[in-house]
Amino acid sequence: QVQLVESGGGLVQAGDSLRLSCTASRLTSRTHYMGWFRQAPGKEREFVAGISWSVGSTYYGDSVKGRFTISRDNAKNTVYLQMSSLKSEDTAVYYCAARLIGMSEYGYWGQGTQVTVSS
């Protein structure tokens with residue numbers, strides 16, 4: 001099975017930057033998208049960013065456009081989320097996810113990493 005492990009979360013102040021990493025094992029040629037989601041306590045899971053594994057096309061949720069950048073290193077099976085101009089509203093558990101070709105939705109998930117932004 002695909003296994004995803006996130007890292008890089010922590011406590012930062014508003015306006016700071018942080019980079020999250022997600023290293024995947026057992027990725028195959030069937031990998032279609034890698035993405036990041038987040039979930040704050042009592043809130044629904046929210047899409048943050050996604051990237052096409054083969055082409056590198058990116059897309060973002062409206063709340064993070066212009067502040068977050070997703071990227072990937074195919075050779076290292078790693079996807080990154082560079083977060084800038086962080087706001088208290090960005091506080092959440094961030095999850096890495098994978099969607100394979102043939103899947104109708106993201107089907108593999110990491111354990112999550114906590115990001116806390118203090119104001």
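Above: the structure in question.
Residues numbered from 1 in each chain as written. Predicted model: local features only at pLDDT ≥ 70, side-chain atom pairs only at ≥ 80, totals over all residues. Heavy atoms only, no water.

A. Focus on the state of the cysteines. Following the criterion strictly, the structure yields 1 disulfide and no others. The side chain of Cys-22 participates in a disulfide bridge whose partner is Cys-96; the two sulfur atoms lie 2.1 Å from each other. Looking along the S-S bond of the Cys-22-Cys-96 disulfide, the torsion reads about -80°, which is the left-handed sense. Of this pair, Cys-22 sits in strand 3 (residues 18-25) while Cys-96 sits in strand 9 (residues 92-100), and the two are 74 residues apart along the sequence. Accessibility classification places Cys-22 together with Cys-96 in one group, the buried group. (Disulfide = S-S within 2.5 Å. Helix = DSSP H or I, 4+ residues; strand = E, 2+ residues; numbered from the N terminus. Buried < 20%, exposed > 50% of the residue type's maximum accessible area, 1.4 Å probe, protein only.)

B. View of the sheet that holds strand 8 (residues 78-83). One open sheet holds the 4 strands; their spatial order is 1-3-8-7, and the pairing between them is antiparallel. Each edge of the open sheet is held by one strand with a lone partner, namely strand 1 (3-7) and strand 7 (68-73). Ignoring which end each strand starts from, the neighbouring axes of this sheet average 15° apart. In terms of strand pairing, strand 7 meets strand 8 through 6 bridges, oriented antiparallel. Residue pairing in the sheet places Arg-72 in a bridge with Val-79 of strand 8. (Pairing = 2+ DSSP bridges. Axes fitted to C-alpha atoms, helices over the stretch in contact; angles between N-to-C directions.)

C. Region of interest: the side chain of Glu-6. Mapping Glu-6 onto the fold places it in strand 1. Among buried Asp, Glu, Lys and Arg side chains, Glu-6 stands out as unpaired, with Arg-45 the closest opposite charge at 11 Å. Within the structure, the side chain of Glu-6 is placed 2.7 Å from the backbone nitrogen of Cys-96, a separation counted as a polar contact. A distance of 3.0 Å separates a polar atom in the side chain of Glu-6 from the backbone nitrogen of Gln-111. (Lys, Arg positive; Asp, Glu negative; His and termini not counted. Salt bridge = Lys/Arg side-chain N within 4 Å of Asp/Glu carboxyl O. Polar contact = N/O pair within 3.5 Å; in protein donor to acceptor, adjacent residues only side chain to side chain.)

D. How the structure looks around the pairing of strand 3. Across 5 bridges, the pairing between strand 1 and strand 3 is antiparallel. Bridge pairing in strand 3 places Leu-4 opposite Ala-24. Alignment of strand 3 against strand 8, held across 6 bridges, turns out to be antiparallel. Each bridged residue has a counterpart across the sheet, and for Leu-18 the counterpart in strand 8 is Met-83.

E. Expanded view of the nonpolar core. The biggest cluster of nonpolar side chains holds 27 residues, and the ones touching the most others in it are Met-34, Trp-36, Val-79, Leu-81, Met-83 and Tyr-94. Elements that contribute at least two residues to this core include exactly strand 3, strand 4 (31-39), strand 5 (46-52), strand 7, strand 8, strand 9 and strand 11 (113-118). (Core = buried A, V, L, I, M, F, W, Y, C linked by side-chain atoms within 4.5 Å.)

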